[in-house]
Amino acid sequence: MSRDRRDTLRALFDAAVAAAHPDGCLPPHLPEPPAGRIVVLAAGKAAGSMAAAAERHYLDALSLPPDRLTGLAIARYGYGRPTRRIRMVEASHPVPDEAGIAATGQALERAASAGPDDLVLVLLSGGGSALWIAPANGVTLEAKQELTRALLASGARIGEINTVRRHLSRIKGGRLAAAAYPARLLTLAISDVAGNDPAAIASGPTVADPTSLADARAVLDKYAITPGPEIAAALSDPANETPKPADSRLANATYRLVATPAMAIAAADREARALGFETEILGSDLEDDARDLAGDHAELARKRADQGRKVAILSGGEATVTLRGRGRGGPNQEFALALAIALHGRPGIWGLAGDTDGTDGGKGAADDPAGAIIGPDTLPRATQLGLDADAFLEDNDSTGFFERLGDLLVPGPTFTNVNDFRAVIVDTDAD
């Protein structure tokens, strides 16, 4: 594969990630210190980097006395960052574990401890739903783990998954803000969801929940998931209904976005233009099956190649995968494999798909691949190695396929998360 084109694709990915990193996007939004303490509660894949950026701002830039800054941050294993005053915890994602339960309980306690002169500063990012885990009364961790696995394997969209999660939790769906009331609470969030809906980012722990218990039950029905008895009971218990917009306990809570998928795509757009490409942005919030998305991108790329255009086709969002096989992979790697198959070695077209958090599917390890890169030589090289691309796709084994070719995208943890990033570049003169 052309090294120049691989470098171009990686430059676009890096530009998208950099635009959403807390070091740059968070400080302009951090408020002036209150009369009392700043109680930082951070959750998500960017929690460690957000907490560290907040510490540098308050302790170093503003010289805030250390005893006026406290808090707790919880991130995915491998995503923690060095902190001074804010305690850093790592836990399992996407399937929750006991470390997440313990840290979530402590976060709720810290929120409840805030006084009238304090500010509860909530730093949210994608992944917070699995990390802030406080099962509803009568629901065990094991039951939530089993349900999470079933939802992930069903092809359910992240918004649907979070609708269920909110109604099985003591922190999601506005309950954290309710715990902090009457203290003032400010949420600064890095969005990883289509439409940037605050109720969907980390399952909306500080905002009113527009969905209901009935909606949660409907998601399970839609994907033919039969819940265990304790889950079924919890989703039928009116006590597990979430705070709604008129709830007085949300009166002192405000919310602000500091980074979004659209901002990341815009940064990649600027980088592509600087490299001499036209650009076409298909959207930052595409939600569809990875194979279908790949087919759409391939069709457009072929048209642009036929026109002799030099263009970068960019998109973001949340691709899904319906598991049919037993292989290893994730939505971005599956997109890349399906794209290579759809293009069938078409000259002058290359593509990259990667999760901006640095990991795509896998077993939850921080060194899992984020995605993969393809080009006109992908299928010919696979054939030389005796690899059947269609068979790998049917087995959902995109990791195994690209691992053999050396075409995995492995940036390691990026310490942010604005969801999937896809770039297809067309340059027939370069082939």
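As the structure is a computational prediction, the values presented were derived from the model and not from experiment. (Residues numbered from 1 in each chain as written. Predicted model: local features only at pLDDT ≥ 70, side-chain atom pairs only at ≥ 80, totals over all residues. Heavy atoms only, no water.)

Peer 1: Explanation requested: the sheet that holds strand S10 (residues 371–374) in the structure shown.
Peer 2: Backbone-to-backbone hydrogen bonds join strands into a sheet, with any given pair of strands oriented parallel or antiparallel. Read across the open sheet, the six strands follow the order S7-S8-S12-S9-S10-S11; overall the sheet is mixed. The sheet terminates laterally at strand S7 (278–286) and strand S11 (408–409), the two strands that pair on one side only. Where strand S9 (residues 349–355) lies against S10, four bridges are found, and the strand directions are antiparallel. Considered in S10, the bridge of Leu 352 is made with Ile 373. Helix H11 (residues 261–274) contacts S7, strand S8 (310–317) and strand S12 (420–427) of the sheet and is inclined by roughly 165 degrees relative to S7. Relative to S10, helix H13 (residues 331–343) is tilted by about 20 degrees, and along the sheet it contacts S9, S10, S11 and S12. (Pairing = 2+ DSSP bridges. Helix = DSSP H or I, 4+ residues; strand = E, 2+ residues; numbered from the N terminus. Contact = heavy atoms within 4.5 Å. Axes fitted to C-alpha atoms, helices over the stretch in contact; angles between N-to-C directions.)

Peer 1: Is there a simple way to think about the environment of Gly 36 in this case?
Peer 2: Mapped onto the secondary structure, Gly 36 falls in the loop between helix H2 (22–25) and strand S1 (38–43). On the basis of relative accessibility, which here comes to 14%, the residue Gly 36 falls in the buried class. On a C-alpha basis, the gap between Gly 36 and Asp 117 in space is 4.7 Å, while along the polypeptide they are 81 residues apart. When sequence neighbours within four positions are dropped, the list of residues in contact with Gly 36 reads Arg 68, Asp 117 and Asp 118. (Buried < 20%, exposed > 50% of the residue type's maximum accessible area, 1.4 Å probe, protein only.)

Peer 1: I'm lost on the pattern of salt bridges in this one. Help?
Peer 2: Once the charged atoms of two side chains with opposite charge are near each other, the side chains can pair. Under the criterion given, the structure shown has 25 salt bridges. Ionic pairing is found between Arg 6 and Asp 407, a salt bridge with its closest N-O pair at 2.8 Å. Here Asp 407 lies in the loop between helix H16 (398–405) and S11 and Arg 6 lies in helix H1 (residues 3–19), a separation of 401 residues in the sequence. Across the pair, exposure class does not vary: Arg 6 and Asp 407 are buried alike. Several salt bridges share partner residues, and in doing so they unite Arg 6, Asp 377, Arg 381 and Asp 407 into one network. (Salt bridge = Lys/Arg side-chain N within 4 Å of Asp/Glu carboxyl O.)

Peer 1: Whenever I open this one, the side chain of Thr 148 confuses me. Can you help?
Peer 2: Tracing the sequence through the fold places Thr 148 in helix H6 (residues 141–154). Relative accessible area serves as the criterion here: at 7%, Thr 148 is assigned to the buried category. For Thr 148, the residues in contact, after removing those within four places along its chain, are Pro 94, Val 95, Pro 96 and Arg 165.

Peer 1: Explain the packing of H6 against helix H7 (residues 158–166) here, please?
Peer 2: The angle between the axes and the distance between the axes are what describe a pair of packed helices. For the pair H6 and H7, the least separation of the axes is 10 Å and the interaxial angle reads 165 degrees. As the angle between them shows, H6 and H7 are arranged roughly antiparallel. Here H6 runs over H7; the crossing is right-handed. Contact residues: Lys 144, Leu 147, Thr 148, Leu 151 and Leu 152 in H6; Ile 161, Val 164 and Arg 165 in H7. Tallied by class, the residues present in the contact of H6 with H7 amount to five nonpolar, one polar and two charged. (Parallel < 35°, antiparallel > 145°, perpendicular 65-115°, else oblique. Left-handed = near helix turned anticlockwise from the far one by under 90°. Nonpolar A, V, L, I, M, F, W, Y, C, P; charged D, E, K, R; others polar.)

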